[in-house]
Amino acid sequence: MGSANIWILLLAFSLHAIGLYVSALRWHILLGAQNVDSKVSFLFKSYLVATFFNHFLPSTVGGDSVRAYDSYRLGKDKADAFAVVIVDRFMGLLTLLIFVIISMFFTDKITEKIPDLGLWVALLIAGFLGIIWFVFTPDLKIFEYLKNSGNKIIAKIGSLLYKIANAFWQFSSKKSILFKALLLSIILQTNVVFYYYLISVGLHFSIPFYNFFLIVPLTIFIMMLPISVNGIGLRENALYFFFSFYGILKSQSIAFAWTEFAMLLLLGIIGGITYVLRK
């Protein structure tokens with residue numbers, strides 16, 4: 001870490017500003033699909049606050065609860081607020097999955113050494129297809145049937161699922177908005193890949209840029225597992241696993257992981273200050 005190029009690392013950190021702005025813009029577009037007025041500046045600050053809470057909540061997406069609450073504050077009911085944040089997050093994950101599928105054809109050094117990678121990707125695709133069905137083409141009749149069930153427990157669950165599915169259904173007829181959100185997601189996730197690559201350059205790693213289109217999505221998917229706070233522990237092990245294929249030492253991988261996490265901590269401090277100032 002002492003031999004790192006500080007200017008390249010600062011450039012990498014500055015990419016967070018681009019990422020937050022693009023994320024806020026995508027969220028703004030999705031809120032507009034539900035006829036919610038919002039300011040990109042407010043959503044930008046909400047993302048910052050979410051990064052603060054990520055440091056105290058399970059997984060790397062725990063801060064999404066803050067964004068769901070802010071969506072609710074803007075005038076939507078709980079189901080609609082939840083739906084907007086889920087669709088927003090789903091767009092980002094769908095883009096990462098696309099990156100994985102495409103990069104598998106160009107990163108033999110990794111794909112050949114990961115057991116059953118094709119199977120895991122196939123399962124991810126199946127899961128995403130199921131989410132696409134539920135989110136964008138929900139069959140409300142099924143949930144309405146459950147809502148009207150004679151069993152109180154089933155009826156209560158069915159009522160909740162009906163509200164959520166109905167909130168998602170509002171997006172099904174707004175393909176142009178979803179397409180814009182997907183384009184912004186591609187820009188956002190490419191920015192994330194470039195961010196990771198710049199850190200590797202700053203630490204003098206010799207890993208070709210295109211390999212990060214597989215390394216970054218897989219690492220992010222692993223860090224999303226709700227078994228640690230903000231991916232602590234998962235981040236270090238995942239990066240060492242992938243970087244070892246390129247001759248990167250364990251100490252170097254940990255240096256990368258801690259450098260990246262230090263940037264997230266700094267961003268979280270800024271988010272915490274933002275949270276205090278917005279009352």
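Residues numbered from 1 in each chain as written. Predicted model: local features only at pLDDT ≥ 70, side-chain atom pairs only at ≥ 80, totals over all residues. Heavy atoms only, no water.

A short note on the packing of helix α11 (residues 234–243) against helix α12 (residues 250–277)
Piece 1. Running from N to C, α11 and α12 cross one another at 135°; their axes reach a closest spacing of 9 Å. Judged by the angle between their axes, α11 and α12 are oblique. Considering how the two elements wind past one another, α11 and α12 form a crossing that is right-handed. Taking contact as the criterion, the partners of Arg235, Glu236, Leu239, Tyr240 and Phe243 in α11 are, on α12, Lys250, Ser253, Phe256, Ala257, Trp258, Glu260, Phe261 and Leu264.
Piece 2. The residue makeup of the contact of α11 with α12, split by class, is 8 nonpolar, 1 polar and 4 charged. (Axes fitted to C-alpha atoms, helices over the stretch in contact; angles between N-to-C directions. Helix = DSSP H or I, 4+ residues; strand = E, 2+ residues; numbered from the N terminus. Parallel < 35°, antiparallel > 145°, perpendicular 65-115°, else oblique. Left-handed = near helix turned anticlockwise from the far one by under 90°. Contact = heavy atoms within 4.5 Å. Nonpolar A, V, L, I, M, F, W, Y, C, P; charged D, E, K, R; others polar.)

Overview of the layout of surface pockets
Piece 1. In this structure, the largest pocket spans a volume of roughly 330 Å³.
Piece 2. Lining of the largest pocket is provided by 11 residues; of these, Leu117, Trp120, Leu218, Phe221 and Ile222 occupy positions nearest its centre.
Piece 3. Broken down by secondary-structure element, the contributors of at least two residues to the lining of the largest pocket are α6 (117–136) and α10 (212–223).
Piece 4. Ranked by residues supplied to the lining of the largest pocket, first place goes to α6 with 4 residues.
Piece 5. Its residues assigned to classes, the lining of the largest pocket shows 11 nonpolar, no polar and no charged.
Piece 6. Counted as a void, the second largest pocket has a volume near 180 Å³.
Piece 7. Considering the residues around the second largest pocket, the lining is formed by 13 residues, among which Asp64, Phe82, Val85, Ile86 and Arg89 are closest to the centre.
Piece 8. Every element with two or more residues in the lining of the second largest pocket is listed here: α3 (64–73), α4 (78–103) and α6.
Piece 9. Considering each element in turn, the lining of the second largest pocket owes the most residues, 6 residues, to α4. (1 Å grid on protein atoms, 1.4 Å probe; cavity = no way out; pocket = protein on both sides within 12 Å on 5 of 7 lines; lining within 4 Å. Points joined across faces, edges and corners; volume = space filled by probe spheres on them.)

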